[in-house]
Structures are given as structure tokens and as C-alpha cells.
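Chains, contacts and geometry: an overview
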Amino acid sequence: AAVAKGAAARRGPLVCRAAGEDGGSEAEERFRLNNLSPQPGSKKKRNRIGRGYGAGQGGSAGKGMRGQNARSGGGTRPGFEGGQNPLYRRLPKLKGIAGGKRTE
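Residues numbered from 1 in each chain as written. Predicted model: local features only at pLDDT ≥ 70, side-chain atom pairs only at ≥ 80, totals over all residues. Heavy atoms only, no water.

On a plain count of helices and strands, the protein chain comes out with two helices and two strands. Ordered by position in the sequence, the α and β elements of the protein chain form the string α-β-β-α. Per-residue burial over the protein chain gives 8% buried out of 104 residues. The long-range fraction of contacts in the protein chain, counting pairs at least 24 apart against all pairs at least 6 apart in sequence, stands at 17%. Summing over all exposed atoms, the protein chain offers an accessible surface of approximately 9,800 Å²; the carbon and sulfur share of this is 51%. (Helix = DSSP H or I, 4+ residues; strand = E, 2+ residues; numbered from the N terminus. Buried < 20%, exposed > 50% of the residue type's maximum accessible area, 1.4 Å probe, protein only. Contact = heavy atoms within 4.5 Å. Areas by Shrake-Rupley, 256 points an atom, 1.4 Å probe, with all protein chains shown as cover.)

Spelled out as C-alpha cells, the structure:
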């Protein structure tokens, strides 16, 4: 079965349930797929934001009262500097250096 792309990163460290408290095992049980479980306390439920006051993050959902970043799809594009001429437009295009021209 195919695993989701970020699933391995979300999983916590694995421990062997068959192993004893001291780390050793009584019958030298090996790590198998049927005796693996996540470390206690490593699986934390994600906070569902903006799903009502009873859920804990209702109302403005932690985004403040007003403003561009409080709206849906809020924020600016990468490189935007609030109307100031952005850095990628202030710098020269470096013609020839990035194109692979050789200087002998």
C-alpha cells in the first residue's frame, strides 16, 4: 500500500510493545509490524481552527480582528514589499553569467 507523502514525518518514534520496562525483552522479542506502537505522548491531535467557540479556536480563529491577513486567502505574494520596488526588480538580470557564456 502506498503511504502518503508526509506520513513518515508525522509519525512519532516507534517502540516495541513486547519489550519490558527496562528496555530489554523477556523472550528476546524482535521489532515486528504487529508489536510496534508510537511512544506515549507523541501523538498529539491537531487543533481544528475556526470551527466554533466550543472547539477552542472559534471566532476570529487566532487571526486578530481585521486586516488583510485575517481574510480568507489573505497575505501577499512572495517577494511583495508593500508597493516598494521589490528586490528582484532592483537587481540587474545578470545577462550572460547565468546563460553559460564562457569568458576566456
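It is worth spelling out a positive patch on the surface at this point. The grouping of Lys45, Arg46, Arg48 and Arg51 at the surface amounts to a positive patch. Relative to the helices and strands, Arg46 is located in the loop between strand S2 (36-38) and helix H2 (87-90). (Patch = residues over 30% accessible without salt bridge, like charges linked within 9 Å, V, L, I, M, F, W, Y side chains within 5 Å. Salt bridge = Lys/Arg side-chain N within 4 Å of Asp/Glu carboxyl O. Lys, Arg positive; Asp, Glu negative; His and termini not counted. Charge placed at Lys NZ, Arg CZ, Asp CG, Glu CD.)

Using the criterion set out here, one finds one salt bridge in the structure. Between Arg90 and Glu81 there is a salt bridge, with the nearest N and O atoms lying 2.8 Å from each other.

Now for the side chain of Asn35. Tracing the backbone through its elements, the reader meets Asn35 in the loop between strand S1 (14-16) and S2. Polar side-chain contacts of Asn35 include one of 2.9 Å to the backbone oxygen of Arg30. Only 2.9 Å separates the side chain of Asn35 from the backbone nitrogen of Arg32, close enough to count as a polar contact. (Polar contact = N/O pair within 3.5 Å; in protein donor to acceptor, adjacent residues only side chain to side chain.)

Here we come to the environment of Gly75. Positionally, Gly75 belongs in the loop between S2 and H2. Setting aside anything within four residues of it in sequence, one finds Gly75 in contact with Gln68 and Asn69.

Turning our eyes to something else, we now look at the environment of Ser42. Within the secondary structure, Ser42 is located in the loop between S2 and H2. Among the polar contacts listed, one links the side chain of Ser42 to the backbone oxygen of Gln39, at a separation of 2.8 Å.

So, about unusual backbone geometry. Of note, the phi angle at Ala61 is positive, near 60°, even though the residue is not glycine. Structurally, the position occupied by Ala61 is in the loop between S2 and H2.

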